Amino acid sequence: MDTDPLHGRLALVTGGGRGIGAAIARRLAARGAKVVVTGRSQAELAEVAAAIDGVAVVADLADRAATDAMVATVRALGRVDVLVNNAGIAESAPLADTDDAMWDRIMELNATAPFRLTRAFVPAMVAAGWGRVITIASNAGLTGYGYTAAYCAAKHAAVGMTRALAVDLGRTGVTVNAVCPGWVATRMAEEAIARIAAKTGRDTASATAALTGMSPQRRLIEPAEVAHAVAMLCGHDARGIHGQTIVLDGGQVLK
Ligand code: NAP
């Protein structure tokens, strides 16, 4: 008898074409969910969707009209039971160079889009009496880092939304949680390493050590570890985990 609560569920993973999102999409599909992946890069999305018998929907989530169109397309496929707000960008700059455009870009994708998608899909989950909203925030949603006022603010916003909605949704069967990784081995970390190398003149190994050195485990987290946490939160026995921040950073930010 198949008792996996993900079997037959519809999951939407934003930014599902690569990195953490692709790992989550594969993991949820392996557990029996039908997975829709969305993002801007059609080729990446198509590759993931083909591998998991899923659905690729191209959308720029920094564009609200495009996001609304994506919501309509996904609703036509069925009720979204699992929403994984994963798409995000990271840019860093000192305060004086954090211009309005950078602030708006980061807030729109990392905080506003998760809010708007959660607002769009949660009512149907509530009506069904079951749902999972999981936002891939960051340990930057729990503490501060240098030169990242906008990114830290956006990730704190995502965590704050999660905590507030946990109160609102407590009696609905829908859980809302945030997963907060430290540095994960994806393109985002590769770009950070390249920036550090370019700005400091260090070689790649030394720039990588600047990131791994933040963790007591002295390593980057693997996307599969984040996917594991997301799949765990979808389980029936995880229904009491609600409004939480699951930190995956090798012990860097101790609660
Ligand atoms: P990544 O490899 O750069 O992937 C980012 C994903 O977001 C891509 O699929 C990308 O797809 C999508 N995306 C970016 N801009 C988008 C837009 N305007 N509209 C729609 N989708 C967009 O980075 P990642 O490491 O997997 O990051 C995933 C999440 O984890 C992010 O929220 C990030 O902040 C968080 N996180 C990452 C780390 C880390 O060290 N890597 C640590 C903590 C938290 P397209 O480019 O095709 O649009």
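In this text, all values refer to a predicted model and were calculated from it rather than measured experimentally. (Residues numbered from 1 in each chain as written. Predicted model: local features only at pLDDT ≥ 70, side-chain atom pairs only at ≥ 80, totals over all residues. Heavy atoms only, no water.)

**Considerations on the pattern of salt bridges**
Our working rule: Every case where a carboxyl oxygen of Asp or Glu lies within 4 Å of a side-chain nitrogen of Lys or Arg is listed as a salt bridge. Secondary structure elements are defined from DSSP: runs of H or I of at least 4 residues count as helices, runs of E of at least 2 residues count as strands, and each element is numbered from the N terminus. Each residue gets one of three labels from its accessible area relative to the maximum for its type: buried under 20%, exposed over 50%, partly exposed in between, using a 1.4 Å probe on protein chains only.
Counted according to the given criterion, the structure contains 11 salt bridges. Residues Asp-68 and Arg-116 are paired through a salt bridge, measuring 3.0 Å at the closest nitrogen-oxygen approach. Placement of Asp-68 in helix H3 (residues 64–77) and of Arg-116 in helix H4 (residues 100–128) is noted, with a sequence separation of 48 residues between them. Under the relative-accessibility criterion, Arg-116 is labelled buried at 13%. One network of salt bridges, with partners in common, ties together Arg-9, Arg-79 and Asp-81.

**Considerations on the packing of helix H6 (residues 187–200) against helix H7 (residues 204–212)**
A pair of packed helices is captured by two measures, namely the crossing angle of their axes and the spacing between those axes. Stated formally: The angle between two axes is taken between their N-to-C directions and runs from 0 to 180 degrees, where each axis is a line fitted to C-alpha atoms and a helix contributes only its stretch in contact. In this scheme the handedness of a crossing depends on how the near helix is turned from the far one: anticlockwise by less than a right angle means left-handed, clockwise means right-handed. Two residues form a contact once any of their heavy atoms are found within 4.5 Å. Following the grouping adopted for this structure description, the nonpolar residues are Ala, Val, Leu, Ile, Met, Phe, Trp, Tyr, Cys and Pro, the charged ones are Asp, Glu, Lys and Arg, and the polar ones are all others, Gly among them.
Between H6 and H7, the least distance of the axes is 9 Å, while the angle of their chain directions is 115°. Crossing handedness for the pair H6 and H7: right-handed. Residue-level inspection shows Ala-189, Ala-192, Ile-193, Ile-196 and Ala-197 of H6 in contact with H7, the latter providing Thr-204, Ala-207, Thr-208, Ala-210 and Leu-211. For the contact of H6 with H7, the residue count by class is 8 nonpolar, 2 polar and no charged.

**Remarks on the site of the ligand**
To keep things clear, this is the line we draw: Proximity is defined per residue: any heavy atom of the residue falling within 4 Å of a molecule or strand makes that residue near it. Throughout this description, a polar contact denotes any pair of N or O atoms lying within 3.5 Å of each other; where both atoms belong to protein, one of them has to be capable of donating a hydrogen while the other can accept it, and for residues adjacent in sequence the pair is counted only when both atoms sit in side chains. Surface exposure here means Shrake-Rupley accessible area, sampled with a 1.4 Å probe, where a residue is shielded only by the protein chains that are shown.
Close contacts around the ligand come from 28 residues, with Arg-40, Ser-41, Tyr-151, Val-184 and Thr-186 the closest. Between an oxygen atom of the ligand and a side-chain N or O atom of Arg-40, the distance comes to 2.6 Å. Contacts to the ligand include Ser-41, whose side-chain N or O atom sits 2.5 Å from an oxygen atom. For the ligand, the accessible surface in isolation is 870 Å², of which the surrounding protein chains cover 96%. Counting residues per element, the ones that place at least two in the shell around the ligand are helix H1 (19–30), helix H5 (149–168) and H6. Considered class by class, the residues forming the shell around the ligand number 14 nonpolar, 9 polar and 5 charged.

**Observations concerning the pairing of strand S5 (residues 131–136)**
Going by this rule: Should DSSP find at least two bridges between two strands, the strands are regarded as paired. Orienting the strands away from the viewer, one traces the path from the first strand over the helix to the second; a clockwise path indicates a right-handed crossover.
Extensive coverage of S5 is indicated by the burial of 6 of its 6 residues. Alternating positions in S5 separate into two faces, Gly-131, Val-133 and Thr-135 on one and Arg-132, Ile-134 and Ile-136 on the other, with burial throughout. The pairing of strand S4 (residues 82–85) with S5 spans 4 bridges and is classified as parallel. The residue of S5 that forms the bridge with Asn-85 is Thr-135. This β-α-β element, S4 to H4 to S5, shows right-handed connectivity. Here 6 bridges tie S5 to strand S6 (residues 174–181), and the two strands are oriented parallel to one another.

**Observations regarding helix H2 (residues 42–52)**
Let me state the cut-off plainly: Here the arc refers to the directions that run from the helix axis out to each C-beta atom.
Three or more residues of H2 are buried, namely Leu-45, Val-48, Ala-49 and Ile-52. Taken end-on, H2 shows its buried residues confined to a sector of 100°, consistent with a single buried face. Across H2 from its buried face, at more than 90 degrees, point the exposed residues Ala-43, Glu-47, Ala-50 and Ala-51. Where H2 terminates, the next one or two residues include Asp-53, which has phi positive at roughly 55°.

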